[in-house]
Amino acid sequence: MKTPVPLLDSVVASVARWHTSLNKKLLLGFLLIVLLLLGTAVLGLVVMQRASATAHRIASLTDRVVRAGRMEYAITASMHFRAMHLLTGDVANDQKLVKARQDFATLLGSLESSAEGQERAVIQKIHEANLKFAMSAQQVDGHAHGKDLPGAMEIHMKEEHPISHELEGLARELIRISSERRDESLRAVQRDNRAGITLLGGAGLASVGLALFLGYVLSWSVIVPVRRLDEHMAQVSRGEFQQEIDIPNRDEFQGLAEKANEMMHALAKARADLMREHEAVKEQARKLDEVNRQLEGRVRSQVDELERTRRLGSYLAPQVVRAITSGEHAFAMANARKQLTILFADIRGFTAFSDMAEPEEVITLLNTYLSKMTDLVFKYEGTLDKFLGDGMLVFFNDPVPQPDHAKRAVQMAMDMQERAREISTELSVGDSPLRLGIGITTGYVTVGTIGSEHRMEYTVVGTQVNLAARLVGVAEPGQIIINQRTFDMVRDMVDAVEVGPFTVKGFQKPVVAYNVVGVKGGPSLHQAA
């Protein structure tokens, strides 16, 4: 098989000899490109999140530098107001001194609440020095209020003023530590930016290279047989019936080549017997055309069936797909109003974990989590509507009817909580186990195919879907929050505690919900305090 790039001839020939349909070959190439593009997009999002987290940290450290500087200013100002009070006896300076000391205490408290590493030791020294400063200030105040200003000035100069210099030095030490941490964060941002540009550039080049490679291989695996068929047909049109067409393809072109050879032999026989068997040749041509139509019909039917099965496999458990495609259940993806059970679930604390963890750890956790949760969806024969970042939307009772749809959803939710705890143990996720927030509602919604001619989705819409999204928002880590109708359908299966009522956007009346705490007669769920 000759192509413009001889080095790739063997690859093109291998693709041509692959015994599958042309549609599958093209679809596989497209999916490979899409996966690489998605990987590039995910990489870009991770780089942006890391940059955002670092920028936030730099802003926080800059604020700490400013507050430490204001502490130093407050100490200096208090000493200025003390000296003015002792020199002039003006009570207003004493009031300003008190205000400066209060500002110092407030700033110290705000810095201490978020201190790290070396800062804690410095703040401890500030507390010790501040205690000595307060004791010395009491002596100065005692003399000053007793009108002994010279004695107060002496204590101020010998004790209080030196301690204020010590406090100023400690404040400058806080400024130095925060400045060094900020500078290190700035350097980290620069390193991350360079690494991100390199990674994204490499991913982009790889995407372009793979697209060009796949486009070349797939296109020439089609162009070569088309050219040979064209040459063969030209020979036939000239009355040359000696050479059969031979192509390496094991797809639809193989069938075309076989039919072309059959046609060539038929034409050769027809030309030899033209005068004697004209009517026989016409009948043969008619039969050949009928065979072609039947073959095309069977191929089209099989392709449609494969596409239908593939689409169903994106939504439903494998056993449900088998039941539908085997004809055990009537199924049509048409819009309808039905009573379904809707389940929303997402990971609590995933954003904080993503900011702290390495990208590989985040991707590993997310892939493991979504894979385990999808296994549970298929186990309980739910319909997986979509993934929402670290969350997912699942509904029950469509397209296959499920009389116990509410029980399936609640039981699956409890299994999801347990499976999440197992994942966090296996992957050592942070300091606390991986927890999910889950919201479940039962009610009438619109289900069907929604979208445009370019993209369609089999999904659900309605107030119950919105309510499930609100309930997952109020669910604490480890909690399963269900609405009244769901509780009525599972009250004989689980123990639940009434929560709410909640004021939910889009609902005129407050919503009463229930927190599922465990199976009746069984152990309780592990929920956050």
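Bear in mind the structure is a predicted one, so any value in this text is a computation, not a measurement.

**Here's the deal with the overall build of the protein chain**
When helices and strands are tallied, the protein chain shows 13 helices and eight strands. Looking at the protein chain residue by residue over its 529 residues, the buried ones come to 39%. Carbon and sulfur atoms make up 58% of the accessible area of the protein chain, which amounts to about 29,100 Å² in all.

**So, helix α12 (residues 463-474)**
Note: α-helices contain 3.6 residues per turn, so residues at a spacing of three or four share the same orientation. Spanning twelve residues, α12 covers 17 Å between terminal C-alpha atoms, matching the ideal 16 Å at 1.5 Å per step. Tucked into the core, α12 has its buried residues touching β1 (336-348), β4 (435-451), β5 (456-461), β6 (480-483) and β8 (511-519).

**Focus on the packing of aromatic side chains**
According to the stated counting rule, one finds two aromatic pairs in the structure shown. Ring centres of Phe-395 and Tyr-458 lie 6.4 Å apart, and the angle between their planes is 55°; this geometry places the pair in the tilted category. In this pair, Phe-395 sits in strand β3 (residues 391-396) while Tyr-458 sits in strand β5, placing the two residues 63 residues apart along the sequence. Assigned by exposure class, Phe-395 and Tyr-458 land together as buried.

**As for a nonpolar patch on the surface**
Residues Trp-18, Leu-28, Leu-32, Leu-35 and Leu-38 make up a contiguous nonpolar surface patch of roughly 470 Å² in combined accessible area. Position of Leu-35 among the secondary structure elements: in helix α2 (residues 22-88). Given a relative accessible area of 55%, Leu-35 falls into the exposed group.

**Concerning the side chain of Glu-160**
Within the secondary structure, Glu-160 sits in helix α5 (residues 149-237). A residue is classified by how much of its surface remains accessible, and Glu-160, at 0% relative accessible area, is buried. The residues touching Glu-160, leaving out its near neighbours within four places in the chain, are Met-79, Arg-82, Phe-133, Ser-136, Ala-137, Val-140 and Ile-155.

**Some details on the nonpolar core**
Judged by nonpolar contacts, the single largest core of 40 residues is most densely connected at Met-392, Val-410, Met-412, Met-416, Ile-438, Ile-440 and Ile-482. If you tally residues by element for this core, the top one is helix α11 (residues 405-427), at nine residues. Those residues in contact with Met-392 that lie beyond four places of it in its chain are Leu-343, Phe-344, Ala-345, Tyr-369, Met-373, Thr-374, Val-377, Leu-384, Lys-386, Phe-387 and Met-416. Of all hydrophobic cores here, the second largest spans 22 residues; its members include Met-79, Phe-104, Ile-163 and Ile-177.

**Some words on the packing of helix α4 (residues 118-145) against α5**
Two elements in contact, α4 and α5, have axes whose closest approach is 9 Å; the angle formed by their N-to-C orientations is 165°. Considering their axes alone, α4 and α5 lie roughly antiparallel with respect to each other. Crossing handedness for the pair α4 and α5: left-handed. Broken down by class, the residue content of the contact of α4 with α5 amounts to 16 nonpolar, nine polar and nine charged.

**Re the pairing of β6**
Across the two faces of β6 the burial is the same, with Ile-480 and Ile-482 and Ile-481 and Asn-483 all buried. Sheet analysis places β4 next to β6, joined by three bridges and oriented parallel. From the neighbouring strand, Ile-440 faces β6, where its bridge partner is Ile-482. Of the pairings in the sheet, the one linking β6 to β8 comprises three bridges and is antiparallel in character.

**Some points on the environment of Ile-342**
As for its position among the elements, Ile-342 is in strand β1. Exposure remark for Ile-342: the relative accessible area of 0% places this residue in the buried category. Placed 126 residues apart in sequence, Ile-342 and Ala-468 show a C-alpha to C-alpha distance of 6.6 Å. Not counting chain neighbours up to four residues away, the residues in contact with Ile-342 comprise Leu-393, Val-394, Phe-395, Gly-439, Ile-440, Thr-441, Val-445, Val-460, Val-465 and Ala-468.

**Observations concerning the pairing of β1**
By the bridge criterion, 13 bridges tie β1 to β4 in an arrangement that is antiparallel. Pairing of Ile-347 across the sheet is with Leu-436, part of β4. Strand direction decides the pairing type here: β1 and β3, joined by six bridges, are antiparallel. Looking at the pairing, Thr-341 lines up with Phe-396 of β3.

**Re the pattern of salt bridges**
According to the stated counting rule, one finds 23 salt bridges in the structure shown. The partner of Arg-182 in a salt bridge is Asp-183, and the shortest N-O contact between them spans 3.8 Å. Accessibility expressed as a relative area gives 31% for Asp-183, which makes it partly exposed. Of the charged contacts, one joins Asp-404 and Arg-408 as a salt bridge, the two residues approaching to 2.9 Å between their closest N and O atoms.

About the thresholds
Residues numbered from 1 in each chain as written. Predicted model: local features only at pLDDT ≥ 70, side-chain atom pairs only at ≥ 80, totals over all residues. Heavy atoms only, no water. Helix = DSSP H or I, 4+ residues; strand = E, 2+ residues; numbered from the N terminus. Buried < 20%, exposed > 50% of the residue type's maximum accessible area, 1.4 Å probe, protein only. Areas by Shrake-Rupley, 256 points an atom, 1.4 Å probe, with all protein chains shown as cover. Expected span 1.5 Å × (residues − 1). Contact = heavy atoms within 4.5 Å. Phe/Tyr/Trp six-rings, centres within 6.5 Å; stacked < 30°, edge-to-face > 60°. Patch = residues over 30% accessible without salt bridge, like charges linked within 9 Å, V, L, I, M, F, W, Y side chains within 5 Å. Salt bridge = Lys/Arg side-chain N within 4 Å of Asp/Glu carboxyl O. Core = buried A, V, L, I, M, F, W, Y, C linked by side-chain atoms within 4.5 Å. Axes fitted to C-alpha atoms, helices over the stretch in contact; angles between N-to-C directions. Parallel < 35°, antiparallel > 145°, perpendicular 65-115°, else oblique. Left-handed = near helix turned anticlockwise from the far one by under 90°. Nonpolar A, V, L, I, M, F, W, Y, C, P; charged D, E, K, R; others polar. Pairing = 2+ DSSP bridges.

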